[in-house]
Amino acid sequence: MMDTLKPSAEIIANPDLKHDGTPGLAALASHHLDEAFKASAYAWDTLADPKTVMSGDPNASPFARAFNTQGTLWDLHARDERRQCRFNIGMQGIQSLQPVDAILKAYEWATLSPGSTIVDVGGGVGTSSLVIAKNFPELHIVVQDLDGPISDARELWAKELPNANVTLEVQDFFKIQPRDRTVSIFLLKQIMHDWSDSYCVKILTQLRSAASANTKLVLVESIMPFACHDSGEDSVPGAVPHEAPEPLLANYGAVNEMAYNADIDMFLLFNSQERTIRHMQDLLLSTGWKVVKVRRQDGDSTFLQSVEAVPVEV
């Protein structure tokens, strides 16, 4: 996983370009061994400090202590082009770990009318929406993120799909969304887990304000399973995962540790967390979105499931 597949001489001659043009897994590992691993050394300090023990502020995370900054991981990346580039390449590596059709199963994209607009909120370079664009060229894709990722996105899309019906848009998802278009789908892939509840509320509220009556929200997240068995009462379709038979823990215990590792990772880097479906339902409903369906990947009840929500009055 750490192998970039490049000759040592090339890496020694151009260390800053070590991860450029690689599959991305080495970049992903480097990101975690650098930023997340260093942050883990400050987990106790963060939880033992009365000022930060209950905080959801990303500026008060273990990462912030480790790097002696009042900013977030994103602020650091904005100042450090190589870290930002490594992270973007690493996100492409995550894509390679997923089934090629994972994002295609997140929603019934074929039901959208030609010209429908999908806004990939906080979409980075647009790795996920690129797959949608290749399979549904009649749809209009908008990839939103900050300056750095959008700059890299221009290179990626020019290389991979130069004639795509795509708009690469610099947009802070905490700020007011453009109102000059009708959005069919707001797509957020692994955005909510980067932010604590109070910050998620701000993001979801902006999207709700820009939504029409027919707009749908699609969140692709890791849904944390319960260790106990879920009765499924008053549940939306797909909300209850495939569970282990008794007397085993419903979540398969340590066999299902990947999501729990990610949960700790989110705390270390962002003061955030992964969420159960109940937590997610409550969070969405508080901002005017109602969960109507959960689409689960075949053979995986936790990692990168799709939550579909519709606008409701609060």
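Residues numbered from 1 in each chain as written. Predicted model: local features only at pLDDT ≥ 70, side-chain atom pairs only at ≥ 80, totals over all residues. Heavy atoms only, no water.

With that settled, the discussion passes to helix H8 (residues 147–160). An α-helical turn contains 3.6 residues, so any two residues separated by three or four positions project in the same direction. When the terminal C-alpha atoms of H8 are compared, their 20 Å separation across 14 residues agrees well with the 20 Å that a helix rising 1.5 Å per residue should span. Here the buried face of H8 lies against helix H6 (81–97), helix H7 (127–135), strand S2 (140–145) and strand S3 (166–170). (Helix = DSSP H or I, 4+ residues; strand = E, 2+ residues; numbered from the N terminus. Expected span 1.5 Å × (residues − 1). Contact = heavy atoms within 4.5 Å.)

Further remarks concern the environment of Thr205. Relative to the assigned elements, Thr205 resides in helix H9 (residues 197–210). C-alpha separation for the pair Thr205 and Phe174, spaced 31 residues apart in sequence, amounts to 8.9 Å. At 2.6 Å, the side chain of Thr205 and the backbone oxygen of Val201 are in polar contact. (Polar contact = N/O pair within 3.5 Å; in protein donor to acceptor, adjacent residues only side chain to side chain.)

Moving on to the packing of aromatic side chains. If you walk through the whole model with that rule in mind, you get 9 aromatic pairs. Ring centres 5.3 Å apart and planes at 20° place the aromatic pair Trp74 and Phe270 in the stacked group. Residue Trp74 is located in helix H5 (residues 73–79), and its partner Phe270 is located in helix H10 (residues 257–270); the two are separated by 196 residues in the primary sequence. A relative accessible area of 23% places Trp74 in the partly exposed class. On the accessibility criterion, Phe270 (4% relative accessible area) is buried. Three or more aromatic residues joined by ring pairs form one cluster here, namely Phe173, Phe174, Trp195 and Tyr199. Above the plane of the ring of Tyr199 lies Lys202, whose end atom (NZ or CZ) is 4.7 Å from the centre. (Phe/Tyr/Trp six-rings, centres within 6.5 Å; stacked < 30°, edge-to-face > 60°. Buried < 20%, exposed > 50% of the residue type's maximum accessible area, 1.4 Å probe, protein only. Lys NZ or Arg CZ within 6 Å of the ring centre and 35° of its normal.)

Once that is clear, we can look at unusual backbone geometry. Cis geometry marks the peptide bond from Glu246 to Pro247; its omega dihedral reads 10°. Topologically, Pro247 is positioned in the loop between strand S6 (223–224) and H10. Residue Gln190 is not a glycine yet carries a positive backbone phi of 55°. Considering the arrangement of structural elements, one finds Gln190 in the loop between strand S4 (185–189) and H9. By relative accessible area, which is 16% here, Gln190 ends up buried. The residue Tyr252 is not glycine, and still its phi comes out positive at about 70°. Following the sequence through the fold, Tyr252 ends up in the loop between S6 and H10.

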